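Residue strings, one per chain:
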Amino acid sequence: SISFNQCFLQMFFFHFIAGAMAFLLLGMMVDRYMAICEPLRYLSIMNWSTCTGLVAAVWLGGFIHSITQTGLLLQLPFCGPNVLDSFCCDVPQVIKLACTDTRVAELQMVFNSGVILIRLFVILIISYIVILLKIRTCITEGKRKALSTCGTQITGVSLIFIPCIVTYAQPYNKSPGDKVASVVFTVVTPMLNPMIYTLRNTEMKKAIRRTLGKIFLSAGKQKLEWTADPKSSNLVFP
């Protein structure tokens with residue numbers, strides 16, 4: 001169980017961090033665009049003050065989004081039953097606990113969360129398409145790294161935004177898919193992100209190949225031992 005105040009506090013920090021993450025992906029896109037499309041001016045444009053401003057804007061955007069969403073929910077009357085059909089406190093499920101007409105609150109959720117997510121997702125995808133078109137005719141090693149970076153970030157963006165859009169861009173209707181989407185963007189995506197971004201590292205790829213090679217080699221030796229004839233020193237193969 002969780003208290004009323006703790007539930008709203010959980011929602012505030014969840015949307016604060018998630019909103020900051022969404023805006024951070026936009027800042028990463030700006031950084032990649034300048035590095036790939038304006039390489040000679042990159043250091044002069046993406047200087048310390050610019051990066052500091054982007055980071056401050058990311059956290060400010062997450063805070064404004066979260067405080068707005070939480071403030072709108074606090075205006076609703078809650079008189080029970082107080083049973084959430086979810087494993088965490090989130091806006092769609094909490095709205096359904098209000099003992100009043102929730103259509104306006106659901107529309108507020110759609111505009112404050114769903115519309116923002118859709119706009120950011122469209123901007124990010126269009127921007128990465130522009131970057132890919134910019135480098136499609138280049139085959140140098142540096143451009144290959146750029147393609148790898150863009151592919152990694154597009155994967156991360158898709159894993160984060162698509163489940164969130166499914167959850168917040170429509171008025172809440174109870175369905176099994178809602179819980180699946182919640183698990184994806186709260187549990188699965190954070191677990192996959194380190195793997196997605198780490199696999200870009202050449203040394204990490206080599207280490208993974210060495211580890212997998214040792215595992216397969218060890219498994220092969222064990223298989224030979226298991227198939228040995230106990231009455232002779234000869235090996236018996238299937």
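Everything here concerns the structure above.
Basis of the calculations
Position numbers for residues count from 1 along each chain, tracking the sequence in the order it is written. Given that the model is predicted, a residue must reach a pLDDT of at least 70 before its local features are reported, and side-chain atom pairs must reach 80 or more before they are shown or counted; all residues, however, enter totals for whole chains, interfaces and linings. In computing side-chain properties, one takes all heavy atoms of the structure into account and sets aside hydrogens as well as water. We count a salt bridge whenever a side-chain nitrogen from Lys or Arg sits within 4 Å of a carboxyl oxygen from Asp or Glu. Only protein chains enter the accessibility calculation, which uses a 1.4 Å probe; a residue is then buried when its area is under 20% of its type maximum, exposed when over 50%, and partly exposed in between. Numbering of helices and strands starts at the N terminus; helices are DSSP runs of H or I of at least 4 residues and strands are runs of E of at least 2. For our purposes a nonpolar core is just a set of buried Ala, Val, Leu, Ile, Met, Phe, Trp, Tyr and Cys residues, chained together by side-chain atoms within 4.5 Å. What qualifies as a polar contact is a pair of N or O atoms within 3.5 Å, subject to a donor-acceptor requirement within protein and to the restriction that residues adjacent in sequence count only when both atoms come from side chains. Any two residues having at least one pair of non-hydrogen atoms within 4.5 Å are treated as being in contact. Interaxial angle, 0 to 180 degrees, is taken between N-to-C directions of lines fitted to C-alpha atoms, where a helix line uses only the stretch in contact. Reported orientations rely on four angle classes, namely roughly parallel under 35 degrees, roughly antiparallel over 145, roughly perpendicular from 65 to 115, and oblique for the rest. In a left-handed crossing the near helix is turned counterclockwise from the far helix by less than a right angle, and in a right-handed crossing that turn is clockwise. Gly counts as polar in this scheme, as do all residues outside two lists: the nonpolar Ala, Val, Leu, Ile, Met, Phe, Trp, Tyr, Cys and Pro, and the charged Asp, Glu, Lys and Arg.

Asks: What is the right way to read the pattern of salt bridges from this model?
Replies: Opposite charge on two side chains makes pairing possible when the charged atoms of those side chains draw close. Inspection of the entire model under this criterion finds two salt bridges. The shortest N-O distance in the salt bridge between Arg32 and Asp31 comes to 2.8 Å. Since its relative accessible area comes to 18%, Asp31 is described here as buried. For Lys96, the salt bridge goes to Glu106, with nearest N and O atoms at 3.0 Å. With a gap of ten residues between them, Lys96 in the loop between α4 (91-95) and α5 (103-135) and Glu106 in helix α5 connect regions that are remote in the sequence.

Asks: Explain the nonpolar core here, please?
Replies: Across soluble globular proteins, you tend to see nonpolar side chains buried next to one another. Within the largest apolar cluster, 32 residues are counted, with the highest numbers of intra-cluster contacts made by Met11, Leu73, Leu124, Tyr128, Val157 and Phe161. Of all the secondary structure elements, the ones that give two or more residues to this core are α1 (4-37), α4, α5 and α6 (141-168). Among the elements that line this core, the one with the most residues is α5, at ten residues.

Asks: Help me understand the side chain of Asn112 in this model?
Replies: Mapping Asn112 onto the fold places it in helix α5. At a separation of 3.1 Å, a polar atom in the side chain of Asn112 contacts the side chain of Gln69. The residues touching Asn112, leaving out its near neighbours within four places in the chain, are His65, Thr68 and Gln69.

Asks: Could you clarify how one ought to interpret the side chain of Ser113 in this entry?
Replies: Structurally, the position occupied by Ser113 is in helix α5. Beyond its immediate sequence surroundings of up to four residues, Ser113 is in contact with His15, His65, Gln69 and Tyr168.

Asks: Could you clarify how one ought to interpret the packing of α1 against α5 in this entry?
Replies: Each pair of packed helices gets described by two things: the angle between the helix axes and the distance between those axes. It is at 10 Å that the axes of α1 and α5 come closest, and there the two elements cross at 20°. Classified by the interaxial angle, the pair formed by α1 and α5 is roughly parallel. By crossing handedness, the relation of α1 to α5 is classed as left-handed. Across the interface between the two elements, His15, Ala22, Phe23, Leu25, Leu26, Met28, Met29, Arg32, Tyr33, Ile36 and Cys37 from α1 touch Ser113, Ile116, Leu120, Ile123, Leu124, Ser127, Tyr128, Val130, Ile131, Lys134 and Ile135 from α5. Within the contact of α1 with α5, the residues separate by chemical class into 17 nonpolar, three polar and two charged.

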